[in-house]
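# Examining the three-dimensional arrangement
For reference, the chains in residue letters:
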Amino acid sequence: MNIHQLRRFGFGIVKWLLLAAVLLWAAFPIVFMVMSSFKPPGEIWAYPPRLWGSTATLSNYEEIGRYSPTYFRDLGNSVQVTLGGVLLTILTATAAAFVFSRIRTGWLKLPGLLIIVIRMFPPIVVIIPLFPLMSALGLLDTVTPLILAGTAFSVSIATMLLKAFIDDIPVELEQAAMIDGCNQFQAFVRITLPLIAPGIAAVVVFVAVGLWNEYLFALIFTSTEARTAPVTIAIAMSNPDGARWGQLLAMSTIHLVPVVVLVMAVHKQLVQGMTTGAVKG
Amino acid sequence: MTKSYRNEGMARARRLAGAVATLAILAGAGGVAAQDKSLLVMGGQGHEDNMRAIGTAAGGTDILGPFEAETGIKVSWSAATNPQLQEALQRLGPLSSTAEDVIFVHQFDTNARLPDFLEPLDGYLADAPIEGFPHDWAPGVAAASVFDGKRYLIPFRCGAMTLWYNDQIFAERGVGAGPKVPEDIYEIAKAATYTRDNGEQVFGVAFRGTSWSITEDLAALSRAYGGEMVLPDGTVTVNQPPVVEAVNLLKRLFKDGLMPPNWATLDQTGVNQLFKDDRVAMTLGGTNYDKTFNDGQSLVSGHAVATRWPLVKDLQTADRSSGAGTVFYWGLGILKGSQHKDAAWEFIRRISNPQSVHALAGNGSGPCTGAELAVSAEADPAMAIQAEIFAAANNPLPVNENINQIRDALGETIQNIVVNDLDTQAELDGLARRLERLYR
Amino acid sequence: MRLSRPSVIALVLLTPLLAALGFFIVVPAFQLLWISLTNLTPGRPAEFIGLDNYGYVLSDPAFIAALLRNIAFVLVVVVLEVGVGFAIALVLQLRFPLRSLWFAIILAPFAVSPIVAVVMWKYMLDPTFGIVNYAIASLGLPTVPWMTDAATSMAVIIIVAVWKEFAFTTIVLFAALTSIPKELYEAAHVDGANPWQNLIHIKIPLIAPAIAIVLLFRIIFTLREFGIPWTLTGGGPGTATEILSIYLYKQAFRYSDFGAGAAIGWIMLAVTVLLSSFLIRRTYRGMFPEDR
């Protein structure tokens, strides 16, 4: 081996060590929590701490029902909020993105500015006025305000991302279909939408992650019946009795696995979307 | 939790999963219509455990099971920590319709806002009275929730805070008796703080340190030095020498490692757990904790001893040699938005009758009635102390509508002094100015 | 006036969007302004009290402390996010097989709920039994009290916040780095530049605009942080981690003082819009390029 090869070899090792450090930082907390959730209850606080238990057991998962008997119902509420919010957001945002991408009319600048400004709004400022309103409408402790307010805070970014994806599809493709008798919107639905399906998938996941993890609205607008999983986890955590960590880790694992898998599955489009959202605007 | 409630939750989750496609938007939103014969009670987990005789020594009496069987009213529990209960009262109280029916209300919340949140109980009391109410109840406690001549709570779980110690640790460390003067707390804690052979750390004393619970512990400590944080007429004395000395005692205990280092996150459950695990020598605990500490499941069973609260030497007289401690009580109220008010009243009425009160006292829920207290005091020395304290002490703080802010201000300031090591007198002077505004 | 046909279509298709934004954001924002001028508390009628709430909040030392703490929190978090994100982007620039897989893993923290992130970090950072202090102790270093101490509890919140959000800066800065023309490196190579000089003279200057955008974005979105500090410390110990959102929450939902809460809300809103004005203008120009 000559000196040049040796340097290349050394550089290769350093390079992989750096990558290992990056992956450790990003993934270790998740992996460690998931593995710990299968530890026997007595080993969760074993000292010295161990990466995995002496055996893998589901007993922490069985404990969930004992201490947080509503958890699976609350996960159901989270599913409702996520699906409902994603559906509404995508329908609303796709229609709007079509308008901003394909129609040129002077007054569109006003709603355009509105969605840009509103994207910056902190959700915490609307909870005070919405709380009495939802109360008057009898909607507190239902999933409705979570779906609707969640949608309102997702549509801006979803519209902007979808518009960027639509802009990449040449309008001439739609015009060809219009010659065949479609109107412009029909042509858009038939031609362009299928072409941006991966982009839509990314937006769906992006919005779904936000809704699935949403905590503030759920904390304020629900109490018992419509409580979502993050609030229940937070309540379980605020219980000062240290003996329930096994259950807490199991609840968290259940909550985390579906979204992490989803995000990793569409990560390419997500990366593209994040870059679009920040860099192109 | 009841088994039936869990099943209902599971069944609902399955239903939801099945309806996943259509559920989305507005349809699934209304929640399920509440069933006729069910009741949702919002209270502490400990409250439910007491009623169902969970975690008590053999011989506890389940009073919810028979209630459910006899009335056909299924009782579900929405468990919450104390601060969560307090926020829930304010958040659910003004609503016209709530899933929750009965709520546990802590003494601090018995202020003039109660009529905004709770149903007046006089009509129910007239139609279906509670045996012995109110003349059998401790008078101050029974009068506390009456506003404009209307009653909003039935006092339910009463107790006093006094000193508990672990006589095993005391014997091991050569400590003879509990503290007589407040400085003894420090000296005993110092003697009783040590590391066991297996590396386990034992702490001399554990007080509660969460912002929510400091109020009570500091009230008791201030009384040991002969002072109050705020006088009953609202005069703020929180920067006067007795409170300064009490805070400095906490500060020294913390700094010198005689209290657990996570003091600021310890609330009642945490402190109790440490005590039951044989990890602390002394604590401030409820006089109703005999069943909690000496329950056969705890490591210190049979070795938890309740004793009187200390008092500075100068104030000790021939008839009074101990400090006042503090009192606490919970009341049961019906939320204005409850959809099952009659069932809610039936629940409150049944668990407040003398038989239930007696059974609950056996499970470790401090009685509010003089008769039951007298009975309990014969068997349980801690209850004799409770009777004394009830005669001498009052609320840790006078209560008004700003009480949450008052308690947070107090808790945050004391944490800042003890944990973040700020100057005691300067911080308490600042606190006094804040409290004066809140008591005006 | 008669609307043109495209205008009608546009109006119809935009109605759901405008309804959602109007009903849940725009109207509430104005209601918030009104509430901030009253003494509203749930269960009682409100009275108009002018600017008293603003006077109360701005003269409350706890508010000023929370504001300053929030500024410090935001700056530290954002600088760390950009620092960590940029460092990781540089590592990923080294050519690795399976790069897509590494990206997928790096994106995972973004998917995790703030509450779950708090659970996992609280578990790892337990002062007595946690794996992090164990690792620190194994290296012979003094352990850290984490959540039980004022300074370190803020550090925990910062660590969790950075961990959850660094992927965004990594990805944006990686894209910016990738878009640097190869010719520049080749020219530098001819001049005998080493990798360090490349970083200082080519990479950082060329991606400076992207860094600026990312900084702004993250400042705006970190300013509103609530879930992590609320569930991790609730603002304590003492007031060591009480930032604006927690102060607002306490005023409104623990003390039932909606008026004061609304005043804080408007102050936060004003600061946010002010900070975002540059981004807003830039995005607007990107959306309607004919204005340029």
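Residues numbered from 1 in each chain as written. Chains lettered and ligands numbered in written order. Predicted model: local features only at pLDDT ≥ 70, side-chain atom pairs only at ≥ 80, totals over all residues. Heavy atoms only, no water.

Taken as a whole, this structure holds 47 aromatic pairs over all chains when the rule is applied. With centroids separated by 4.9 Å and ring planes inclined at 75°, the aromatic side chains of B:F133 and B:W137 adopt a geometry described as edge-to-face. Pair check on accessibility: B:F133 and B:W137 agree, each one buried. Aromatic side chains C:W230 and C:Y249 sit 4.6 Å apart centroid to centroid with 50° between the ring planes, which places their arrangement in the tilted category. Residue C:W230 is located in helix α10 (residues 227–232), and its partner C:Y249 is located in helix α11 (residues 244–254); the two are separated by 19 residues in the primary sequence. The two residues C:W230 and C:Y249 agree in class, both being buried. Across the ring face of C:F96, the terminal group of A:K15 is positioned such that the distance to the ring centre comes to 5.0 Å. The ring of B:Y194 carries the charged tip of B:R173 above its face, separated from the ring centre by 4.2 Å. (Phe/Tyr/Trp six-rings, centres within 6.5 Å; stacked < 30°, edge-to-face > 60°. Buried < 20%, exposed > 50% of the residue type's maximum accessible area, 1.4 Å probe, protein only. Helix = DSSP H or I, 4+ residues; strand = E, 2+ residues; numbered from the N terminus. Lys NZ or Arg CZ within 6 Å of the ring centre and 35° of its normal.)

Residue and element names in this part refer to chain B. This structure, assessed with the given rule, holds 1 disulfide over all chains. The disulfide that involves C158 links it to C368, with 1.9 Å between the sulfurs. On the sign convention where negative means left-handed, the S-S torsion of about 100° between C158 and C368 marks this disulfide as right-handed. Of this pair, C158 sits in strand β6 (residues 154–166) while C368 sits in the loop between α16 (354–363) and α17 (370–379), placing them 210 residues apart in sequence. (Disulfide = S-S within 2.5 Å.)

Residues and elements named next belong to chain B. Within the secondary structure layout, N111 lies in the loop between β3 (102–106) and α6 (114–117). What makes N111 buried here is its relative accessible area of 7%. The residues contacting N111, other than those within four sequence positions of it, are F147, V399, N400, E401 and I403. (Contact = heavy atoms within 4.5 Å.)

So, on to the nonpolar core. Counting residues in hydrophobic clusters, the biggest one holds 332 residues, and the most contacted among them are B:F207, B:W263, B:F347 and B:L435. Among the elements that make up this core, the one with the highest residue count is helix α7 (residues 150–178) of chain C (17 residues). Summarising the domain contributions, this core has at least three residues from each of domain 1 (3–159 + 328–390) and domain 2 (160–325 + 395–439) of chain B. Not counting residues within four places of it along the chain, the set of residues in contact with B:L435 comprises B:V230, B:V236, B:V238, B:I406, B:A409 and B:L410. (Core = buried A, V, L, I, M, F, W, Y, C linked by side-chain atoms within 4.5 Å. Domains from an automatic or database assignment.)

Between chain A and chain C, the residue contacts involve 101 residues of the former and 99 residues of the latter. Considering only the surface of chain A that becomes buried against chain C, A:W25, A:M120 and A:I128 emerge as the three largest contributors, covering 9% of it. Counting across the interface, chain A meets chain C through 0 salt bridges. Seen at the junction of chain A and chain C, the total is 10 residue pairs in polar contact (both at pLDDT 80 or more). Broken down by element, the side of chain A that touches chain C gets its largest block of residues, 16 residues, from helix α1 (residues 3–36) of chain A. Here the side of chain A that touches chain C is built from residues that sort into 80 nonpolar, 14 polar and 7 charged. (Buried area = accessible area lost by both parts, 1.4 Å probe. Salt bridge = Lys/Arg side-chain N within 4 Å of Asp/Glu carboxyl O. Polar contact = N/O pair within 3.5 Å; in protein donor to acceptor, adjacent residues only side chain to side chain. Nonpolar A, V, L, I, M, F, W, Y, C, P; charged D, E, K, R; others polar.)

Before going further, it helps to examine the domain arrangement of chain B. All names here are of chain B. Each assigned domain of chain B is listed here: domain 1 (3–159 + 328–390) and domain 2 (160–325 + 395–439). Between the C-alpha centres of domain 1 and domain 2 the distance comes to 29 Å. Facing the 31 residues of domain 1 at the interface are 27 residues of domain 2. When domain 1 packs against domain 2, close to 2,500 Å² is buried across both sides, 57% of that on carbon and sulfur atoms. At the boundary of domain 1 and domain 2, one finds 1 salt bridge. Residues R308 and E388 are paired through a salt bridge, measuring 2.5 Å at the closest nitrogen-oxygen approach. On inspection of domain 1 and its partner domain 2, the count reaches 6 residue pairs in polar contact (both at pLDDT 80 or more). Mapped onto the side of domain 1 that touches domain 2, the elements with two or more residues apiece are α5 (82–92), β6, α16 and α18 (381–392). When residues in the side of domain 1 that touches domain 2 are grouped by element, the largest group, 7 residues, is from α18.

Below, the discussion takes up helix α4 (residues 109–118) of chain A. Every buried residue of α4(A) is listed here: A:P111, A:G112, A:I115, A:I116 and A:I118. Along its buried surface, α4(A) packs onto α3 (71–102) and α6 (144–167) of chain A together with α1 (5–35) and α12 (258–287) of chain C.

This paragraph deals with helix α19 (residues 403–418) of chain B. Given a rise of 1.5 Å per residue, 16 residues ought to cover 22 Å, and the 22 Å separating the end C-alpha atoms of α19(B) matches this to within 8%. Extensive coverage of α19(B) is indicated by the burial of 16 of its 16 residues. (Expected span 1.5 Å × (residues − 1).)

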